[in-house]
Amino acid sequence: MKSMLDHVDSPYIRVIGFLYLRYAADPTILFEWFQPYLYDEEVVRIEVNVKKGETTIGKFVRGLLTSQEYYGTRLPRLPAVVEREITTKLGEAAKIEERALEHLKDSKM
């Protein structure tokens, strides 16, 4: 599974891996799998509409963790406790990423 999520040839192979995990993995370990990729900047086009469909792997992964639907398909429901934990961890990760970007910006000056 790890080699699929880290695949270098195509972002679509990675997307399929994340979708598989979201549908089939135990919800209690989803964040552990997704966490290293929350802010992955590899670009991927999910929709046919060129202007609207381009996103990053990181945004895609965060969407899988926070949404109950994927293009009209219902994703498996996350237990309320797991959903709260994921929301908390996503908030913490966002703060860490924000601080890292500020430090990077400051170091370039």
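The structure this text deals with has already been given above.
Residues numbered from 1 in each chain as written. Predicted model: local features only at pLDDT ≥ 70, side-chain atom pairs only at ≥ 80, totals over all residues. Heavy atoms only, no water.

Some thoughts on helix α5 (residues 57-66)
Right, so step 1: Considered for burial, the residues of α5 that qualify are Ile57, Gly58, Phe60, Val61, Leu64 and Leu65. For α5, the angular spread of buried residues about the axis comes to 165 degrees, placing them on one side. Turned more than 90 degrees away from the buried face of α5 sit Lys59 and Thr66, all of them exposed.
Right, so step 2: Those residues of α5 that are buried are in contact with α2 (11-24), α3 (30-34), β1 (43-45), β2 (54-56), β3 (69-70) and α6 (80-108). (Buried < 20%, exposed > 50% of the residue type's maximum accessible area, 1.4 Å probe, protein only. Helix = DSSP H or I, 4+ residues; strand = E, 2+ residues; numbered from the N terminus. Arc of directions from axis to C-beta. Contact = heavy atoms within 4.5 Å.)

Thoughts on unusual backbone geometry
Right, so step 1: Positive phi values are uncommon outside glycine, yet tyrosine 71 reaches one of about 45 degrees.
Right, so step 2: Along the chain, the position of tyrosine 71 falls in the loop between β3 and β4 (73-74).
Right, so step 3: Looking at tyrosine 71, the relative accessible area reads 51%, which means it is exposed.

Concerning the packing of aromatic side chains
Right, so step 1: Overall, the coordinates contain four aromatic pairs when judged by the stated rule.
Right, so step 2: Aromatic side chains phenylalanine 18 and phenylalanine 34 sit 5.3 Å apart centroid to centroid with 85 degrees between the ring planes, which places their arrangement in the edge-to-face category. Of the two residues, phenylalanine 18 is situated in helix α2 and phenylalanine 34 in helix α3; the sequence distance between them amounts to 16 residues.
Right, so step 3: Phenylalanine 18 gets classed as buried once you look at its relative accessible area, which sits at 0%.
Right, so step 4: Centre to centre, the rings of phenylalanine 18 and tyrosine 37 are 5.2 Å apart; their planes meet at 70 degrees, and the pair counts as edge-to-face. Linking phenylalanine 18 in helix α2 with tyrosine 37 in the loop between α3 and β1, this pair joins segments that are 19 residues apart in sequence.
Right, so step 5: Each residue in the set Phe18, Phe34 and Tyr37 is aromatic and connected to the rest through ring pairs, giving one cluster. (Phe/Tyr/Trp six-rings, centres within 6.5 Å; stacked < 30°, edge-to-face > 60°.)

Notes on the pattern of salt bridges
Right, so step 1: All chains considered together, the criterion is met by four salt bridges.
Right, so step 2: Residue aspartate 6 is joined to lysine 2 by a salt bridge in which the shortest nitrogen-to-oxygen separation is 3.2 Å.
Right, so step 3: For aspartate 6, a relative accessible area of 36% translates into the label partly exposed.
Right, so step 4: One salt bridge connects glutamate 42 with arginine 14, and the closest N-O pair in it is separated by 2.5 Å. Here glutamate 42 is found in the loop between α3 and β1, whereas its partner arginine 14 is found in helix α2, with 28 residues between them in sequence.
Right, so step 5: Judged by relative accessible area, which is 26%, glutamate 42 ranks as partly exposed. (Salt bridge = Lys/Arg side-chain N within 4 Å of Asp/Glu carboxyl O.)

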